[in-house]
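# Tertiary structure, described
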Amino acid sequence: LGLWEGLPRPLAPLSERQGDSVGELREAFLCPPAPPELPIEDLSSLGQPSLSVTLAATVPESTEDILVKGFSALRMENERIETAQQFFSWFAQLQTQMDEDEGAKYRQMRAYLLGFEEQCDAILSDVNRALEHLALLQKQYLFVSTKTGTLHEACEQLLKEQSELVELAENIQQKLSYFNELENINTKLNSPTLSVNSEGFIPMLAKLDDCIAYISSHPNFRDYPVYSAKFKQCLSKAMHLLKTYTVNTLQNLTHQLIKRDPSAVPNSDNAFTLFYVKFRAAAPKVRTLIEQIEQRSKKLPEYQQLLSEIHQCYLEQREHLLGPSITSTVAELTNRNNRDHCALVRSGCAFMVHVCQDEHQLYNEFFTKPTPKLDGLLEKLCLSLYDVFRPMIIHVIHLETLSELCGILKNEMLEDHVQNNAEQLAAFAAVVEQMLEDVQERLVYRTHIYIQTDIAGYKPAPGDLAYPAKLEMMEQIAQSLKEDEKKLPADGSFSDVKLEDPESCNAVKPDASESCPPRTPSTISPADLHGMWYPTVRRTLVCLSKLYRCIDRAVFQGLSQEALSACIQSLLGASESIAKNKGQTDGQLFLIKHLLILREQIAPFHTEFTIKEVSLDLKRTRDAAFKILNPLTVPHFFRLSSSNALIQFLLEVTFAAGWENPCLRWGCFRGCQKGATSLSLCSRARRRLGSITSTPRRTWTGT
């Protein structure tokens, strides 16, 4: 606190006005009054003048007052002691009074204690009586407690027995409830007003299923065979009602659609629309019942049999309704596209795709679980299309038509339609695959005939062997076109194709000492791209291009080997004819050119043009046979040793098999190499070979 106004840095400095106020307060309270609670003894030590009055009021002035009070206490305030006798009398009286006063507190205490003793005796007496009562109460409590415990145990036993009896009664009642339901179910099933569409039919059916399941799970009951037969009979009645209602609904729909308009065309679009619209409108009537049957089909075989019968009825009605219409529609498509087989197959397959999809959608309106019978129906309907197409397919002789049919069935139908909706078009896919196999078989057969007649058996015309006259004519045409191009504007004609082959200089012999003269790019008409090829080469490549995407790789490999072998044989024959007429050089150049064309054009097919040939070596077998037929070995037939003739024959008879894989592409290359080698010393041949090999390298597309 001293630091509050301490210098030089006070913690709580006061202003001048505040200091004056503090001084005034200090002067006003220099002598504050003493607290009233202070004792008198403490007041005498303070030395204050104001305490003299108070002290005088509390202290007696003399002993006279004390004596007056003493006499008053002895009740002698009016008596006077004048003689010794009076004094002794007063003193004796005073002594007696003092003795009495001194023993009064003891007597008072004794009387007080006696009172307590009496109270304690009374309390003890009360306690003894209470203890007696408590002992009696305890004895009675023990008796009552024993009786109560016995009663409680008896009650608990009774309650336990009651609970067991109640549980037994409920269990019996629950078991009897399944048997008691028989009468109620029989009453409902025999009621003439019962309908499968009523609200109580499905709950009754559920209760019947529960009763059958319960009785079937308790074959040890006394009347199990009787009640089981009765419940089975009720189930048969209920299923008969379900079957009758569903079958009648489906049959009525079919009869209504057939008798609706007998004069209408059955295959018209309106008729097909009506077939599906009427069935879709009637689907909600039976769908609820069919769902109940499907849900119970896994529990009881009777429901599975009922569901199968409903499936059969539904599919029979659909077949009866759609069969004539589909047959009529296919016949109409056949008459409309009698000359265009591709259009007929495309339109017929598209029609069956829509039929299969619509049938699956309609089936889902009635049922929730699939059935293989639906695919059987659709496959049967699709076979009507197959029965019409097959006779037409086996009479098609053109490879172009057969290859286009393969493309339609394989690409458009199987890859586009079936892969996008495989579940609904499974039956259609099976029929299309069968049709595709028939078309491929027909295509392979016609290809064999085509190879034998048009390639292997081809008789060349004089114009086909006019070499090198045809090449010289093409050179003149190219030269004239080049001159005409110079006269035209710089943009030129869009139909001209500029071709250049920088490898033509070394087509004959890469290490030739003479170098080819530089050639200017020649302009050749597009007609020379394929038109100047030998007909068998063009036919072979056309045939291979048609087959490549239509048949399997293994089959294509075999046919391509056969076609290329026939083509090479025809080229060899044509080369020999040209060599006889024009000379060996022209024949070799003709062969080299077309072998190079074959080698380049078959490269995009990515096929190994090899033939696996098996050869058997029977030389050792023949020697062993000659040896055993020798008369000198007859005695050795019956020897019981290793020199037995029969055993030696069996050990020596072995077959040696060998595989040969000649490659046709390598044969083309070897033929070109041999032809080029034979012409390596002839400059005229090299010049012509350079002009021939300038033919552009283009991939054959078959167009």
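Residues numbered from 1 in each chain as written. Predicted model: local features only at pLDDT ≥ 70, side-chain atom pairs only at ≥ 80, totals over all residues. Heavy atoms only, no water.

### Here's the deal with the overall build of the protein chain
The secondary structure content of the protein chain amounts to 21 helices and four strands. Contacts spanning at least 24 positions in sequence make up 76% of the contacts within the protein chain whose residues lie at least 6 apart. (Helix = DSSP H or I, 4+ residues; strand = E, 2+ residues; numbered from the N terminus. Contact = heavy atoms within 4.5 Å.)

### Some remarks on unusual backbone geometry
In this chain, Y467 is followed by P468 through a cis amide linkage whose omega measures 5 degrees. Inspection of the secondary structure puts P468 in the loop between helix 13 (426–456) and helix 14 (469–487).

### Observations regarding helix 9 (residues 301–336)
With 36 residues, helix 9 ought to run about 52 Å at 1.5 Å a step, and its terminal C-alpha atoms sit 50 Å apart, in line with that. Taking the largest bend as the criterion, helix 9 deviates by roughly 35 degrees, centred on L322, and proline P324 comes between one and four positions later. (Expected span 1.5 Å × (residues − 1). Bend = angle between axes of the 7 residues up to and from the residue.)

### A few points about the packing of aromatic side chains
The final tally for this structure, using the stated rule, is 15 aromatic pairs. With a centroid separation of 6.0 Å and an interplanar angle of 45 degrees, the aromatic rings of F179 and F221 are classed as tilted. One end of the pair, F179, is in helix 5 (residues 84–189); the other, F221, is in the loop between helix 6 (201–216) and helix 7 (224–260), and 42 residues separate them in sequence. On the accessibility criterion, F179 (14% relative accessible area) is buried. Taken together, the aromatic side chains of Y178, F179, Y214, F221 and Y227 make up a single cluster linked through ring pairs. Lying across the ring of Y227, K230 places its NZ or CZ 5.7 Å from the centre. Directly above the ring of F279 sits R318, whose terminal nitrogen or CZ lies 4.6 Å from the centroid. (Phe/Tyr/Trp six-rings, centres within 6.5 Å; stacked < 30°, edge-to-face > 60°. Buried < 20%, exposed > 50% of the residue type's maximum accessible area, 1.4 Å probe, protein only. Lys NZ or Arg CZ within 6 Å of the ring centre and 35° of its normal.)

### Looking at helix 15 (residues 535–547)
Taking 1.5 Å per residue, 13 residues should reach 18 Å; helix 15 reaches 18 Å between its end C-alpha atoms and fits that length. Along helix 15, the residues classified as buried are P535, T536, V537, T540, L541, V542, C543, L544 and L547. Of the surrounding secondary structure, the elements contacted by the buried residues of helix 15 are helix 12 (399–420), helix 13, helix 16 (553–581) and helix 17 (584–601).

### With respect to the state of the cysteines
Each disulfide consists of a covalent bond between the sulfur atoms of two cysteine residues. One pass over the structure, following the stated rule, counts zero disulfides. Not engaged in a disulfide, the cysteine C342 finds its nearest cysteine sulfur in C406; these two sulfurs lie 10.0 Å apart. (Disulfide = S-S within 2.5 Å.)

### Notes on the packing of helix 10 (residues 341–366) against helix 12
Axis separation between helix 10 and helix 12 bottoms out at 9 Å; the angle between their running directions is 20 degrees. The pairing of helix 10 with helix 12 is recorded here as roughly parallel in orientation. Classified by chirality, the crossing of helix 12 by helix 10 is right-handed. Touching H341, C342, V345, R346, C349, A350 and V353 of helix 10 are T401, E404, L405, I408, L409, E412, M413 and H417, all from helix 12. For the contact of helix 10 with helix 12, a count of residues per class yields nine nonpolar, three polar and three charged. (Axes fitted to C-alpha atoms, helices over the stretch in contact; angles between N-to-C directions. Parallel < 35°, antiparallel > 145°, perpendicular 65-115°, else oblique. Left-handed = near helix turned anticlockwise from the far one by under 90°. Nonpolar A, V, L, I, M, F, W, Y, C, P; charged D, E, K, R; others polar.)

### Considerations on the side chain of Q440
As for its placement among the helices and strands, Q440 is situated in helix 13. Note on Q440: relative accessible area 15%, which makes it buried. Within the local environment of Q440, its side chain forms a polar contact with the backbone oxygen of C550, the two atoms lying 2.7 Å apart. If sequence neighbours within four positions are ignored, Q440 has contacts with C406, C550 and I551. (Polar contact = N/O pair within 3.5 Å; in protein donor to acceptor, adjacent residues only side chain to side chain.)

### Things to note about the confidence of the model for the protein chain
Looking at the protein chain as a whole, its pLDDT mean stands at 77, while 70% of the residues score no less than 70. Note on residues 262–267: pLDDT is under 50 here. Beyond four places in sequence and across chains, it has 11 contacts. Counted against residues more than four places away or in other chains, residues 657–666, with its pLDDT under 50, gives 27 contacts. (pLDDT = per-residue confidence, 0-100.)

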